[in-house]
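Remarks on the overall topology
This is what each chain is made of:
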Amino acid sequence: MRLNMHRTTWLRSDFIFEKYRNTEIKKLAKNDEAMKTGARLFSAYCSVCHGSDARGAKGFPNLRDDEWLWGGSTKQIKESILNGRRASMPAWGGALGDKGVEEVSAYVMSLSGRSVDKTKAVAGKARFVMCVSCHGIDGKGNVALGAPDLTNKSWTYGGSRRPSGLRKTILLYNSCTWSLWHYAST
Ligand code: HEC
Ligand code: HEC
């Protein structure tokens, strides 16, 4: 009896998901029932990392702002959720040393309009050639690599001046490594 009830619940959700699967996401977004189901799923599977309000936390991207590491189109977001994402930012401590990291940090801060030590920023700009292959010449990032835009005020790892802020990211490399598959299988 118990088993049968379980089976019925599964069949019912299979039926609902099948219906949703064949509906365009734009249409689903206008469907109250689908949105409620989505919110429940988000709270069960996603909020532990992205927060119950989806604003993220240090190391976990905010899903409510305009910055999308991997692109914000329906197709790209679906891809992020279905297959997971794994960004890879090298550590620069070895190549640049403390002084180099400080300089390049000053330059990166200047990209989002903050006032910085000009001499350091100029030296940092020259060092930024090591970063352009991923973050772009203008620092605006590349969604194909999950390389973030460094010119806005949205920071996955924190943009503060403190040694634990921006400098630490560049020095040591922080990696968001995540896949739903990995999470589901743990
Ligand atoms: C175990 C922690 C964790 C859970 C649970 C999790 N995520 Fe994530 N999510 C991350 C991390 C970390 C990243 C960044 C990955 C990267 O860039 O390498 C990410 C990235 C994303 C992105 C891409 C964001 C962008 O800016 O392009 C989307 C969309 C996303 N998650 C949605 C979800 C949804 C929906 C769920 C639930 C089904 C979920 N995540 C569950 C940790 C998590
Ligand atoms: C091989 C590609 C690559 C290169 C080269 C690279 N980065 Fe990154 N960078 C990334 C990726 C991918 C991320 C996102 C990491 C994540 O979310 O886990 C990132 C993240 C960052 C962040 C964190 C942004 C945030 O929102 O908190 C900073 C700061 C940064 N990079 C600065 C630099 C600087 C400065 C250089 C050059 C010295 C550099 N990167 C070179 C790929 C690269």
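Note that the structure is a prediction, hence the values are computed from the model and not measured.

**A short note on the overall build of the protein**
In terms of helices and strands, the protein carries ten helices and two strands. When burial is assessed residue by residue, the protein has 18% of its 186 residues classed as buried. Within the protein, residue pairs in contact and separated by at least 24 positions form 51% of the contacts whose partners lie at least 6 positions apart.

**Some points on the site of ligand 2**
Every one of the 27 residues lining ligand 2 counts as a neighbour, but Ala87, Met89, Cys131, Cys134 and Tyr157 are closest to it. Mapped by element, the contributors of at least two residues to the shell around ligand 2 are helix H6 (93-111), helix H8 (132-135) and helix H9 (166-172).

**A closer look at helix H5 (residues 74-83)**
Every α-helix winds through 3.6 residues per turn, so residues three or four apart in the chain are directed the same way. Of all ten residues in H5, one are buried; the element is thus mostly exposed. Looking at the residues trailing H5, positive phi occurs at Gly84, about 80°.

**With respect to the environment of Ala147**
Tracing the chain through its elements places Ala147 in the loop between H8 and H9. According to the C-beta neighbour criterion, Ala147 is buried, with 21 such atoms within 10 Å. Beyond its immediate chain neighbours, meaning those up to four positions away, Ala147 contacts Cys134, His135, Gly141 and Asn142.

**A word on the nonpolar core**
In this structure, Val101, Val104, Tyr107, Val108 and Ile170 are the most contacted members of the largest nonpolar core, which totals 13 residues. Broken down by secondary-structure element, the contributors of at least two residues to this core are H6 and H9. With seven residues, the top contributor of residues to this core is H6. With sequence-adjacent residues up to four places away left out, Val101 is seen in contact with Trp92, Gly93, Leu96, Arg167, Ile170 and Leu171.

**Observations concerning the packing of H6 against helix H7 (residues 118-127)**
The geometry of H6 relative to H7 is characterised by a closest axis approach of 7 Å and an angle of 100° between their N-to-C directions. One element, H6, and the other, H7, form an angle in the roughly perpendicular class. Here H6 contributes Leu96, Gly100, Glu102, Glu103, Val104, Ser105, Ala106, Tyr107 and Ser110 to the contact with H7, which in turn contributes Lys120, Ala121, Ala123, Gly124, Lys125 and Arg127. Split by residue class, the contact of H6 with H7 holds six nonpolar, four polar and five charged.

**Overview of H6**
With 19 residues, H6 should reach 27 Å at 1.5 Å per residue; the first-to-last C-alpha distance of 21 Å falls well below that figure. Of all the bends in H6, the greatest measures close to 80° and is centred on Lys99. Considered for burial, the residues of H6 that qualify are Val101, Glu103, Val104, Ser105, Ala106, Tyr107, Val108, Met109, Ser110 and Leu111. On its buried side, H6 packs onto H7 and H9. After H6 finishes, the residue Gly113 shows a positive phi value of roughly 80°.

**Thoughts on unusual backbone geometry**
Residue Ala54 is not a glycine yet carries a positive backbone phi of 70°. As for its position among the elements, Ala54 is in the loop between helix H4 (47-50) and H5.

**A word on the confidence of the model for the protein**
For the protein, mean pLDDT is 85; residues scoring 70 or higher make up 85% of the total. Considering each helix and strand of the protein separately, the mean pLDDT is smallest for helix H10 (residues 180-184), with a value of 38, and largest for H7, with 96. Taken as a whole, residues 176-186 scores under 50 in pLDDT and shows 14 contacts with residues more than four places along the chain or in a different chain.

Criteria and thresholds
- Residues numbered from 1 in each chain as written.
- Chains lettered and ligands numbered in written order.
- Predicted model: local features only at pLDDT ≥ 70, side-chain atom pairs only at ≥ 80, totals over all residues.
- Helix = DSSP H or I, 4+ residues; strand = E, 2+ residues; numbered from the N terminus.
- Buried ≥ 20, exposed ≤ 12 C-beta atoms within 10 Å, placed from the backbone.
- Contact = placed C-beta atoms within 7 Å.
- Near = placed C-beta within 6 Å.
- Core = buried A, V, L, I, M, F, W, Y, C linked by C-beta atoms within 7 Å.
- Axes fitted to C-alpha atoms, helices over the stretch in contact; angles between N-to-C directions.
- Parallel < 35°, antiparallel > 145°, perpendicular 65-115°, else oblique.
- Nonpolar A, V, L, I, M, F, W, Y, C, P; charged D, E, K, R; others polar.
- Expected span 1.5 Å × (residues − 1).
- Bend = angle between axes of the 7 residues up to and from the residue.
- pLDDT = per-residue confidence, 0-100.

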